[in-house]
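Listed here are the chains, written in short residue letters.
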Amino acid sequence: MRVKLKTSPLFLLFLLLFSPLLGEQKIGLALSGGGARGYAHIGVLKVLDEVGLKPDYISGTSIGSLIGALYAKGYSAIEIEKFALDGSLNLLFNDTADRSDKHIMQKHWQPYGNVKVPLSKHFLPEIPSGLQYGQQLQMHLFELFSPDFEMNTFSSLPIPFNAVATNFKTGEIVKFDSGSLHEVCRASMNTPSLLEPFDYKNNLYVDGGLVQNLPCETVIEMGADFVIGSKVNSNLKQNPEKNNFVQNFDQAMNITITENVKKSIECCNLLIEPGLTGINNLQFKKMKEIINIGEVEARKHIKILTKLAQTKAIQPTKFRPTLSTYNEISFQKIKVRGNKGFTSLQIREFLQLEKNVKYSVQDIINAFNKAYSTGLFEYIYPRLIQDRAKPYLYVILKEKPQKHLSLNLSYNNYDDLSAGVVFDFTNYLVKNSQLLLEVELGGRNEVQADFVKNYGRYSGLYFRVFPYYKESKLYTYDSNFWRTDSFLVQEFGATTGIGIYFEQLFNLEGFFFYNNFDIIQGNDITSLDEETKSFGVGLKVHQESIDNISFPMSGSLFMLKYNYAHPDYLSDVKTQKIHGKIKFCDKLVDRLSLSVSSEYGSYQRYEETTQYQEFYIGGVDSFPGYRAKQISAPIFKTIGFGLNWNVFKKLYLMGYAGVITYSDSDDWDPWSDFVNGASLTIGYDTIMGPIKVGIGSNEETEPEYFINFGFNHDIFEFSHR
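On a predicted model such as this, the values are computed, not experimentally measured, just so you know. (Residues numbered from 1 in each chain as written. Predicted model: local features only at pLDDT ≥ 70, side-chain atom pairs only at ≥ 80, totals over all residues. Heavy atoms only, no water.)

**Here's the deal with the overall build of the protein chain**
Next, step 1: Along its length, the protein chain carries 13 helices and 33 strands.
Next, step 2: Out of the 721 residues in the protein chain, the part that is buried amounts to 53%.
Next, step 3: Look at the contacts in the protein chain between residues 6 or more apart in sequence, and 65% of them connect residues 24 or more apart. (Helix = DSSP H or I, 4+ residues; strand = E, 2+ residues; numbered from the N terminus. Buried < 20%, exposed > 50% of the residue type's maximum accessible area, 1.4 Å probe, protein only. Contact = heavy atoms within 4.5 Å.)

**Side note on the sheet that holds strand S13 (residues 333-337)**
Next, step 1: In spatial order, the strands read S13-S15-S14; together these three strands make up an open sheet with mixed pairing. Each edge of the open sheet is held by one strand with a lone partner, namely S13 and strand S14 (377-387). In this sheet, neighbouring strand axes are inclined to one another by 20° on average, regardless of whether the strands run parallel or antiparallel.
Next, step 2: Set on the sheet, helix H6 (residues 181-188) makes contact with S14 and strand S15 (390-399); between it and S14 the angle comes to about 135°.
Next, step 3: Strands S14 and S15 of the sheet are contacted by helix H13 (residues 361-372), whose axis makes an angle of about 155° with S14. (Pairing = 2+ DSSP bridges. Axes fitted to C-alpha atoms, helices over the stretch in contact; angles between N-to-C directions.)

**Things to note about the side chain of serine 556**
Next, step 1: Looking at where serine 556 falls in the secondary structure, it is placed in strand S24 (residues 555-565).
Next, step 2: Take serine 556: its relative accessible area is 13%, and that puts it in the buried class.
Next, step 3: Dropping the residues within four chain positions of it, serine 556 is found in contact with Gln543, Glu544, Ser545, Ile546, Lys583 and Phe584.

**Considerations on the nonpolar core**
Next, step 1: Membership of the largest hydrophobic core comes to 99 residues, with the highest contact counts inside it found for Ile228, Ile347, Ile380 and Val395.
Next, step 2: Apart from the residues within four sequence positions on either side, valine 395 is in contact with Ile334, Lys335, Val336, Arg337, Ile347, Leu351, Phe368, Ile380 and Tyr381.
Next, step 3: Counting residues in each nonpolar core, the second largest holds 15 residues, with Ile104, Met559, Ile715 and Phe718 among its members. (Core = buried A, V, L, I, M, F, W, Y, C linked by side-chain atoms within 4.5 Å.)

**Structural notes on the pairing of strand S10 (residues 203-207)**
Next, step 1: Both strand S6 (residues 161-167) and S10 contribute to a ladder of three bridges, which runs antiparallel. Paired with alanine 165 across the two strands is aspartate 207, which belongs to S10.
Next, step 2: Where strand S9 (residues 198-200) and S10 come together, three bridges link them in antiparallel fashion. For aspartate 199, the partnering residue across the bridge sits in S10 and is leucine 204.
Next, step 3: Turn length for the S9-S10 hairpin, with the two strands adjacent in sequence and antiparallel, is two residues, and the turn residue lysine 201 shows positive phi of about 55°.

**Some remarks on a positive patch on the surface**
Next, step 1: A contiguous patch of positive charge, built from Lys285, Lys587, Arg591 and Lys649, is present on the exposed surface.
Next, step 2: Along the chain, the position of lysine 285 falls in the loop between strand S12 (270-273) and helix H10 (287-299).
Next, step 3: Accessibility expressed as a relative area gives 71% for lysine 285, which makes it exposed. (Patch = residues over 30% accessible without salt bridge, like charges linked within 9 Å, V, L, I, M, F, W, Y side chains within 5 Å. Areas by Shrake-Rupley, 256 points an atom, 1.4 Å probe, with all protein chains shown as cover. Salt bridge = Lys/Arg side-chain N within 4 Å of Asp/Glu carboxyl O. Lys, Arg positive; Asp, Glu negative; His and termini not counted. Charge placed at Lys NZ, Arg CZ, Asp CG, Glu CD.)

**Some words on the packing of helix H3 (residues 63-72) against helix H4 (residues 77-85)**
Next, step 1: At a minimum axis distance of 9 Å, the contact between H3 and H4 shows a crossing angle of 135°. The pairing of H3 with H4 is recorded here as oblique in orientation. Crossing hand, H3 versus H4: right-handed. Counting all contacts with H3, which are made through Ile67, Leu70 and Tyr71, the residues of H4 involved are Ala77, Ile80 and Phe83. (Parallel < 35°, antiparallel > 145°, perpendicular 65-115°, else oblique. Left-handed = near helix turned anticlockwise from the far one by under 90°.)

**Examining helix H2 (residues 40-51)**
Think of an α-helix as 3.6 residues a turn; residues three or four steps apart then line up on the same face.
Next, step 1: A rise of 1.5 Å per residue sets the reference length of H2, with its 12 residues, at 16 Å; its end C-alpha atoms lie 18 Å apart and thus fit the reference within 8%.
Next, step 2: Extensive coverage of H2 is indicated by the burial of 10 of its 12 residues.
Next, step 3: Within the span of H2, buried status applies to Ala40, His41, Ile42, Gly43, Val44, Leu45, Lys46, Val47, Leu48 and Val51.
Next, step 4: Immediately downstream of H2, the backbone of glycine 52 shows phi near 80°, a positive value. (Expected span 1.5 Å × (residues − 1).)

**Regarding the confidence of the model for the protein chain**
Next, step 1: Overall, the prediction assigns the protein chain a mean pLDDT of 84, with 85% of residues at 70 or greater.
Next, step 2: Note that residues 1-5 has pLDDT below 50 and, in this model, 18 contacts with residues that lie over four places away or in other chains. (pLDDT = per-residue confidence, 0-100.)

**Structural notes on the pattern of salt bridges**
Next, step 1: Going through the model one piece at a time under the given rule, you end up with 16 salt bridges.
Next, step 2: The closest approach of N and O atoms between arginine 464 and aspartate 450, which form a salt bridge, is 2.6 Å. Taken together, the residues span a long stretch of sequence, with arginine 464 in strand S20 (residues 459-477) and aspartate 450 in strand S19 (residues 445-455) at a distance of 14 residues. Like arginine 464, the residue aspartate 450 is buried in the burial classification.
Next, step 3: Each of the salt bridges in this network shares a partner with another, and the network as a whole consists of Lys46, Glu50, Glu81, Lys288, Glu295 and Arg299.

Structure follows, in structure tokens:
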């Protein structure tokens, strides 16, 4: 804790007695940057409100610009605190959307890739300039500040305001006193390395704390005679932990910040420095504690603040726009900025916003979130500019690179280690298309390519071509469907289909398929068909709103596939296959959800043969208690219930209990043939992929443990026949 009062008690007494004769002293408030520690500013503002002290000028840097802008536009400290505590002021540095928010055509493929990097035009990996682009942060700021788009300068706010940022190209200080308020705050709080440099009106900006973290000089330039500084940035650590990323990042930022803060303190008449020892810049979860610390520190100066308030004349309350002020907005024009691969017309089609049509602020936000859900943009957000009678809507965007490379490393104690790469080509071969090419070696050896061409934005037709080649180990089974021996097979083929898709709801596809199955190595394969060819037709439907495939907490999933092959049409045998799954998840309370799931498979071969069956039971994500592919049967049915508990942040505890029946006939006797099973899994959703450790058991086997890291599932589950 540090207190600094540059104004002497004698001078303060003189000020109180003779301020009516000298004219009212103008008070400026400078709010520093400091990440999560900046919530202490709210506590300071609560005390200012309590004593009735309204500053004449406010300037803020980084998080200080956000809180300062809200206060300058007329919100009370209590209202800003409410925004913070109910999540409306959350600084969302995570651009990863829930799977449920993605467009249905993005859900064709299961999650993949531990690391994803863009590729240059020469197919070389490019290092991104920031970990995130700040899409959610930008939309959040737009929601907070959209009512102020009519104000040409920030001096028109109830309290004149400036925001401080750093010009990324020149390193010079930039003091914003006009412009788009939500973009100006975004520029000021653009943390280097965490967020890509922010492009605003053809200039790049990063965090203002690099040049003036405590903007006392700025409020003096605005006209302040007496400066109150609220300093929340951490000081340099004498013995930083070199293996602690958060502390190292904090220390590196503060090396630059410390010198400019020293200069700013010299311009400060009253310095309030909350005691935030032990709290780092990224601990947003501690906002209530941080706010309280700021309030406690400001109360230590309440006598001085009260006397300052008594010297000021009562100011009339200025009009403050709120979200309800502009229930409906219509645009005179819609302009697009930043597009390269897409035309302006195509961008407007993504947004589905029209000129001279009235929209609410929430309608605008929903339109931009929907466009972002397509996965085609690094960011896409609105800018409203007032021009005469109606505003202009500017669409600010950056398209994602057309080429990406994902590294896919996975392990489980059944298939061992697998390593692969996935190349993603979006709108590269032809417009409105996507190609995924996967090469994987190790526990699974496969090359698969899935090309999809869409005809429509959110709804329409699509065309698919999916060739594949695989080498894998399969097994023979006894009359009770238990595994007896193994053999190595190669499988290649393709599916091609035409389908329809509708919004985020579902897609339906009819397809042709060809599959060649060939045994290339085995101990005793005399009883098996060494090569089998199949050619046929099929139909499949897919609906999904699950929020997270690995650790689902809400949403639903439905997938059904049917295919048929006949020996009169290039097939060796007559087959018919049906496979379907359904799952529902719903939250019981905040972090606890209940899931209900069922799966059905039926594979009929109409010729007598001892060939392997189509469905395998056992493994990490299969019915608990069975080892990988321990059982194979032509017909199976399962139903189960699960409880998923999000213990803390990305830590999950999952329990499952269910029944399974498998046989060579489709009878389901409710009084027999069921096998009961249960499992308990603990998992962690890391940025490199999910980690799961668990144990499963059923009445037929001994308990089995399993370990899983990464994405072990088939990326192209829907694409296969």
